[in-house]
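# A structural walkthrough
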Amino acid sequence: MDYNEWDGNQEFEPADVSKPVTPRREADIIAEEKAEYRREWIRSHITYIFAAIAVVVVGLVVLFISLYNQNSSPISRLMSASAKDFSVPFEFSVELSKDDKPVMSYKGSADIDDHKHSIKVAYDADYTDYSYKGIVYSDDAKAVRGFYYKDKWTVRDCEDKINYYFDFAKDYKNGDFDTGSFLRFTDLTSKYNAKELDAYIDTIKDKFVSDSSVAKANAQNTEKGTEYSYDVDLNALFDAIVSDGASIFNNAEDYNAFKEKYELNKKNLSDADCKIAFTIDQQGYLTELTVRVATAENSYSMNCSMSNFNLAVTEIPVEFLETATVTPTE
């Protein structure tokens, strides 16, 4: 259920009437409960930020451009550069906007060691009506994530997610895209078939070469490094999935739902502008990634930046570690 679909029928705990309280209007109570429901929904569904940038990168590769397997292609360079980012400590910033107004943002640092299977990520998350701090931590003894909200830490186990991430990262850093571990990490195994998705990528990859009917590519050197950009025809992209991608869905209902949504939005997609751009600096690090989709009525954008490679320091609060040791919860 989408957090915007709150219909007022959810049950709430009755108010404590043992002490006098200031009367509140029904509208204020409903507004407060809706805001709290949104916060709980987002907290329970948010993907672990330590790989948010990586998931965005590889997700765009799959959905918008597919996998170029040529060693000289921009997408191969994107994979190589993003993998290099996650091989060293770095700082990151992610902002999602609607009509050029920020909706949510994350700022923090990450330190991931593949050999030790250790992860340290600390970040601040800011939404339109609340903010919180988040931690993802993994060592030999535990794999946990936590949120600091309303003056307390809530900690949950995430060992499976950590294992899925490292399974995926191992192949990704070697230039391979493991659809199975990717779908497990993103909780999409119930919707898509890993084997069929892998085969489908091989089938359609030739349709996603530069200056095809789907994407127009461009590259230029700047002071920041080499900037690559793609103008994507969303209609051509989704039409290719409708025509040849039915097998990637685990059941006919999901495919039919996708097809129905595509048909309903075909006109909007025809008028939409979609641009993907990323910058690789002279040291080979991915430093910027932006995606912007503009329709006749609205525009949506995602901006990622990565910096301070090899120098970033991630501090894990002692209070979090104490909570993780004593009271990890599912």
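Let me begin by describing the structure that accompanies this report. (Residues numbered from 1 in each chain as written. Predicted model: local features only at pLDDT ≥ 70, side-chain atom pairs only at ≥ 80, totals over all residues. Heavy atoms only, no water.)

## Details of the pairing of strand β5 (residues 143-149)
To be explicit about the condition: Working definition: with a 1.4 Å probe on protein chains only, accessible area under 20% of the residue-type maximum means buried, over 50% means exposed, and in between means partly exposed. Note on conventions: DSSP H or I runs of at least 4 residues are helices, E runs of at least 2 residues are strands, and numbering of each starts at the N terminus. Two strands are said to pair when DSSP picks up at least two bridges between them.
Of all the 7 residues making up β5, 6 are buried; the element is thus mostly covered by neighbouring parts of the structure. Of the strand pairs in this sheet, strand β4 (residues 131-138) and β5 are connected by 6 bridges, and their pairing is antiparallel. Paired with Ser138 across the two strands is Ala143, which belongs to β5. Remark: 4 residues form the turn of the hairpin made by β4 and β5, two consecutive strands paired antiparallel. As paired strands, β5 and strand β6 (residues 152-157) are joined by 6 bridges and run antiparallel to one another. Its bridge partner being in β6, Gly146 is matched across the sheet by Val155. Linking β5 back to β6 in an antiparallel pair, the connection comprises 2 residues, with Lys150 at a positive phi of about 55°.

## Quick look at unusual backbone geometry
For Asp99, which is not glycine, the phi dihedral falls at a positive 55°. Along the chain, the position of Asp99 falls in the loop between β1 (90-98) and β2 (101-113). Unlike most non-glycine residues, Asp187 shows phi in positive territory, near 60°. Position of Asp187 relative to the elements: it lies in the loop between α5 (179-185) and α6 (194-204). Using a relative accessible area of 55% as the deciding quantity, one classes Asp187 as exposed.

## Observations regarding the sheet that holds strand β8 (residues 225-232)
Let me state the cut-off plainly: Helix axes are fitted only over the stretch in contact, all axes being lines through C-alpha atoms; the angle between N-to-C directions runs from 0 to 180 degrees. By definition in these notes, contact holds between two residues if any of their heavy atoms fall within 4.5 Å.
The 11 strands are arranged β6-β5-β4-β3-β2-β1-β11-β10-β9-β8-β7 in an open sheet whose pairing can be described as antiparallel. Of all strands in the sheet, those with a lone pairing partner are β6 and β7 (215-222), marking the two edges. Ignoring strand direction, the axes of neighbouring strands in this sheet form an average angle of 15°. Examined bridge by bridge, β1 and β2 share 9 bridges and lie antiparallel to one another. When the sheet's bridge partners are listed, Leu96 is paired in β2 with Met104. Sitting on the sheet, helix α4 (residues 159-172) is in contact with β2, β3 (118-127), β4, β5 and β6, with an inclination near 105° to β3.

## Some thoughts on the pattern of salt bridges
So the rule is basically this: We count a salt bridge whenever a side-chain nitrogen from Lys or Arg sits within 4 Å of a carboxyl oxygen from Asp or Glu.
This model, assessed by the stated rule, comprises 6 salt bridges. In this structure, Asp139 and Lys142 form a salt bridge, with 3.8 Å as the shortest nitrogen-oxygen distance. Between Lys161 and Asp187 there is a salt bridge, with the nearest N and O atoms lying 2.9 Å from each other. Of this pair, Lys161 sits in helix α4 while Asp187 sits in the loop between α5 and α6, placing them 26 residues apart in sequence.

## Thoughts on the packing of helix α7 (residues 234-244) against helix α8 (residues 252-264)
We count it as follows: For classification, angles of less than 35 degrees are called roughly parallel, those exceeding 145 degrees roughly antiparallel, those between 65 and 115 degrees roughly perpendicular, and all remaining angles oblique. If you view the pair so one helix is near and one far, a crossing is left-handed when the near helix is turned anticlockwise from the far one by less than a right angle, and right-handed when it is turned clockwise. Only Asp, Glu, Lys and Arg are considered charged in this grouping, and only Ala, Val, Leu, Ile, Met, Phe, Trp, Tyr, Cys and Pro are considered nonpolar; every other residue, Gly among them, is considered polar.
Across the interface, α7 lies against α8 with an axial gap of 10 Å and an inter-helix angle of 150°. Here α8 runs roughly antiparallel to α7, going by the angle between their axes. Considering the relative orientation of α7 and α8, their crossing is left-handed. Listed contacts from α8 to Asn235, Phe238, Asp239, Ile241 and Val242 of α7 are Tyr255, Phe258, Lys259 and Tyr262. Of the residues that constitute the contact of α7 with α8, the class distribution is 6 nonpolar, 1 polar and 2 charged.

## Re the side chain of Thr323
The topology assignment puts Thr323 in helix α10 (residues 318-326). With a relative accessible area of 18%, Thr323 lands in the buried category.

## Overview of the nonpolar core
Our working definition: The definition of a nonpolar core used throughout is a set of buried Ala, Val, Leu, Ile, Met, Phe, Trp, Tyr and Cys residues joined through side-chain atoms within 4.5 Å.
Counting 68 residues, the largest nonpolar core has Phe92, Tyr106 and Tyr132 as its most contacted members. In terms of nonpolar packing, the next biggest core, distinct from the first, is built from 9 residues, Ala122, Tyr137, Val144 and Ile316 among them.

## A word on the environment of Ile201
By the secondary structure assignment, Ile201 is in helix α6. A relative accessible area of 4% places Ile201 in the buried class. Placed 44 residues apart in sequence, Ile201 and Gly245 show a C-alpha to C-alpha distance of 9.3 Å.

## Examining α4
Put simply, the rule is: Helices are assigned an expected span. That span is 1.5 Å times one less than the residue count. This arc is taken over the directions from the axis of the helix to the C-beta atoms.
For α4, which comprises 14 residues, the first-to-last C-alpha distance of 20 Å matches the rise-based estimate of 20 Å (1.5 Å per residue) to within 8%. Of all the positions in α4, only Lys161, Ile162, Tyr165, Phe166, Phe168, Ala169 and Tyr172 are classed as buried. Looking straight down α4, one finds its buried side chains confined to an arc of 165°; they lie on one side. Opposite the buried face of α4, at more than 90 degrees from it, the exposed residues are Asp160 and Lys170.

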